Amino acid sequence: MTHTVEKIGGTSMSRLAELRDTLFIGDRATSEVYNRVFVVSAFAGITNLLLEHKKSGEPGVYALFANDDSNHKWQDALDRVAEAMKAAQSEILTHKGDIQQADLFVDERILGARNCLIDLQRLCSYGHFRLPEHMGHIRELLSGLGEAHSAFVTTLMLQRAGVEARFVDLSGWRDEGDVCLKKRITSAFDGIDPATEMPIVTGYAQCVEGLMNEFDRGYSEVTFSHLAALTGAREAIIHKEFHLSSADPKLVGEGAVRKLGRTNYDVADQLSNMGMEAIHPKAAKTLRQAGVPLRVTNAFDPGDPGTLIDDQPADTAAAEIVTGLDIVTLEVFEQDMVGVKGYDAGILEILKRHNVRIVSKTSNANTITHYLDASLKTMRRVERDIAKLFPAAEITSRRLAVNGRVKVSQRAAQNVATLGLG
């Protein structure tokens, strides 16, 4: 039996003390505690304070630093991060020695980040240096603070409970020189034996690829998937608040859904396209190509095996999941489009330029319609660019909702999402 690599999300991390007595230890024999590697997210709300609020857009340290000419606003925001980190760990740690260690860890990381930002501001006061050129690195530096903190606190909690836990920091804090993601992971795990200790790994990994450039705040699933693939995990496991179910239990109630016992990566990709990610599609690709099956479980129902996701076809065809997404339709009508090349490619280029995600599309002789996950503000810019490119076209956009029944056929290659617009 080889090890598993398991990921815990930020909301579940806020109930870490509860997970200690169920997911991490519970009634397991000593031998069953190990051969598990845990990748942890930051505690709920911390990344919002460090970057910006994921839903409301309220600025955090990063956004304030990028837009403020003075030190006061972003430094005050960094103080609020330290307070929130210490408040989160106080809900988990009970021993005074552990609390003191965690407080010192927070103080050291926050001070280091503060000094780095002050030095960068001073450097960019000279004309040869431009702050925007460094903002990507700053975003990664700040984001890594959250995962490093939660992994350190988790390690302290488990060590106090008698587990041989080891803090594995992939955030590159004060490391010299850039390394690729593969090297970052393999170097960190050199000398670690999951059979005799439990690695607690940061969800953020600093590397030359720059995970946030492509994945932004979805980087932890990329770290998780590469870690599972590179270390030859028997299984990759994501622990969520609920089981992967036939519908969202928060919307329809837990009693109105059924848990999926098994599905495949094709269905997971369809869910991601509809905004209901079981896992980021590129993370799923890494696992699929490495031959590592994925399991999605309810973190607070440790006795249930959850849902297994692999690359095997289904035995019978059935609609598995119902989901939905608010979208904007973009319809481009041009009477003379029929038989003329270039319309589709031109529209796609504009959508790519404005970073608009395409959910689905349809076309006929003289109309191309895209169903997009975008704001109306962005759509106004898209419409203007399309009108310049095709001045004779009629362009309309409106809000819709797309409802999907993710359907699995007997052949994995024919998995489809049946969409209904309203």
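Remember, it's a predicted structure, so these values are computed and weren't measured experimentally.

Comments concerning the packing of aromatic side chains
Throughout the structure, instances matching the rule amount to 7 aromatic pairs. For the ring pair Phe 24 and Phe 38, a centre distance of 4.6 Å and an interplane angle of 50 degrees mean the geometry is tilted. Of this pair, Phe 24 sits in helix α2 (residues 16-24) while Phe 38 sits in strand β2 (residues 36-40); the two residues are 14 residues apart in sequence, bridging distant segments of the chain. Of the residues examined, Phe 24 reaches a relative accessible area of 0% and is grouped as buried. Relative accessible area serves as the criterion here: at 0%, Phe 38 is assigned to the buried category. Ring pairing ties together the aromatic residues Phe 105, Phe 152 and Phe 167, which thus form one cluster. When the ring centre of Phe 300 is taken as origin, the NZ or CZ atom of Arg 15, which lies over that ring, is 3.5 Å away. Above the ring of Tyr 62, the side-chain terminus of Arg 139 is found at 4.8 Å from the ring centroid.

Here's the deal with the nonpolar core
Ranked by internal contacts, the top residues of the largest apolar core, which has 89 residues, are Phe 24, Leu 142, Met 198, Ile 200, Phe 224, Leu 287 and Leu 294. For this core, the element with the highest residue contribution is helix α8 (residues 135-160), accounting for 11 residues. Residues contacting Phe 224, with those up to four places away along its chain left out, are Val 5, Glu 6, Lys 7, Val 39, Ala 236, Ile 237, Ile 238, Ile 279, Leu 287 and Leu 294. Membership of the second largest hydrophobic core comes to 17 residues, among which are Met 337, Ala 374, Val 382 and Ile 386.

Observations regarding the environment of Phe 65
Residue position: Phe 65 is located in helix α5 (residues 61-67). A relative accessible area of 0% means that Phe 65 is categorised as buried. It is 9.4 Å that separates the C-alpha atoms of Phe 65 and Ile 138, two residues lying 73 residues apart in sequence. Every residue in contact with Phe 65, bar those within four places of it in the chain, is listed here: Trp 74, Leu 117, Leu 120, Gln 121, Leu 131, Met 135 and Ile 138.

The rules behind the values
Residues numbered from 1 in each chain as written. Predicted model: local features only at pLDDT ≥ 70, side-chain atom pairs only at ≥ 80, totals over all residues. Heavy atoms only, no water. Phe/Tyr/Trp six-rings, centres within 6.5 Å; stacked < 30°, edge-to-face > 60°. Helix = DSSP H or I, 4+ residues; strand = E, 2+ residues; numbered from the N terminus. Buried < 20%, exposed > 50% of the residue type's maximum accessible area, 1.4 Å probe, protein only. Lys NZ or Arg CZ within 6 Å of the ring centre and 35° of its normal. Core = buried A, V, L, I, M, F, W, Y, C linked by side-chain atoms within 4.5 Å. Contact = heavy atoms within 4.5 Å.

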